[in-house]
Amino acid sequence: FFELIKDFGFRNWLYKEKTTELYKTSNGVNIELNYVKKLGWFLEIEVLCKPKDVASARKKVVAVRNNLGYGIRDVEPRGYTKQLWNLNNKN
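Below: a short report on this structure. These numbers come from a predicted model, not from an experiment.

1. What about the packing of aromatic side chains?
Okay, so step 1: Per the counting criterion, the structure on display carries four aromatic pairs.
Okay, so step 2: The interplanar angle of 70° and the centroid separation of 5.8 Å between the aromatic rings of Phe1 and Phe2 together place this pair among those described as edge-to-face. Exposure class is identical for Phe1 and Phe2. Each is exposed.
Okay, so step 3: Between the aromatic rings of Trp13 and Trp85, the centroid separation amounts to 5.2 Å while the plane-to-plane angle is 75°, which identifies the pairing as edge-to-face. Here Trp13 is found in the loop between α1 (2–7) and β1 (18–24), whereas its partner Trp85 is found in helix α3 (residues 80–88), with 72 residues between them in sequence.

2. Thoughts on the side chain of Gln83
Okay, so step 1: Inspection of the secondary structure puts Gln83 in helix α3.
Okay, so step 2: Gln83 gets classed as buried once you look at its relative accessible area, which sits at 9%.
Okay, so step 3: Within the local environment of Gln83, its side chain forms a polar contact with the backbone oxygen of Arg78, the two atoms lying 3.0 Å apart.
Okay, so step 4: Apart from residues no more than four positions distant in its own chain, Gln83 is found in contact with Leu39, Phe42, Glu76 and Arg78.

3. Focus on the side chain of Asn30
Okay, so step 1: Inspection of the secondary structure assignment puts Asn30 in strand β2 (residues 30–36).
Okay, so step 2: The residues contacting Asn30, other than those within four sequence positions of it, are Leu22, Tyr23, Lys24, Glu44, Ile45, Glu46 and Leu48.

4. Structural notes on the environment of Lys24
Okay, so step 1: By the element assignment, Lys24 lies in strand β1.
Okay, so step 2: Using a relative accessible area of 62% as the deciding quantity, one classes Lys24 as exposed.
Okay, so step 3: When the C-alpha positions of Lys24 and Ile45 are compared, they lie 9.7 Å apart, and in sequence the two are 21 residues distant.

5. Brief notes about the sheet that holds β2
Backbone-to-backbone hydrogen bonds join strands into a sheet, with any given pair of strands oriented parallel or antiparallel.
Okay, so step 1: Read across the sheet, three strands follow the order β1-β2-β3 without closing on themselves; strand pairing throughout is antiparallel. Each edge of the open sheet carries a strand with a single partner, namely β1 and β3 (40–46). Here the average twist between neighbouring strands, direction ignored, is 20°.
Okay, so step 2: Pairing geometry for β2 and β3, over seven bridges, is antiparallel. When the sheet's bridge partners are listed, Val36 is paired in β3 with Gly40.

6. Describing helix α2 (residues 54–67)
Okay, so step 1: Taking 1.5 Å per residue as the helical rise, α2 with its 14 residues ought to reach 20 Å, and the 20 Å between its terminal C-alpha atoms agrees with that figure.
Okay, so step 2: Burial in α2 covers these residues: Ala57, Val64 and Arg65. Axial view of α2: buried residues confined to an arc of 100°, hence all on one face. Facing away from the buried side of α2 by over 90 degrees, the exposed positions are Ala55, Lys59 and Asn67.
Okay, so step 3: Structurally, α2 contributes buried residues whose contacts are with β2 and β3.
Okay, so step 4: Where α2 ends, the next residue or the one after it, Gly69, has phi of about 90°, a positive value.

What counts, and at which threshold
Residues numbered from 1 in each chain as written. Predicted model: local features only at pLDDT ≥ 70, side-chain atom pairs only at ≥ 80, totals over all residues. Heavy atoms only, no water. Phe/Tyr/Trp six-rings, centres within 6.5 Å; stacked < 30°, edge-to-face > 60°. Buried < 20%, exposed > 50% of the residue type's maximum accessible area, 1.4 Å probe, protein only. Helix = DSSP H or I, 4+ residues; strand = E, 2+ residues; numbered from the N terminus. Polar contact = N/O pair within 3.5 Å; in protein donor to acceptor, adjacent residues only side chain to side chain. Contact = heavy atoms within 4.5 Å. Pairing = 2+ DSSP bridges. Axes fitted to C-alpha atoms, helices over the stretch in contact; angles between N-to-C directions. Expected span 1.5 Å × (residues − 1). Arc of directions from axis to C-beta.

Shown next, in the form of structure tokens:
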């Protein structure tokens, strides 16, 4: 695969190494415990849903987040790629 994408002219500009443990609740919430090399530990809470079910899914995510003792101030809005890019390009 890597040789094929090189043939198409793509080049590697960032490397991300992530290890994930996935947990699922009985009501459809996925909880991921992620370790991203160079960044540390992250907790992701998500519900895969159809557009019409977004409001309900959001309530489930917030409920799990609150039950785990986290609040809105604990949310990291930047994705791993953006954080790694910033880390690698500090100077």
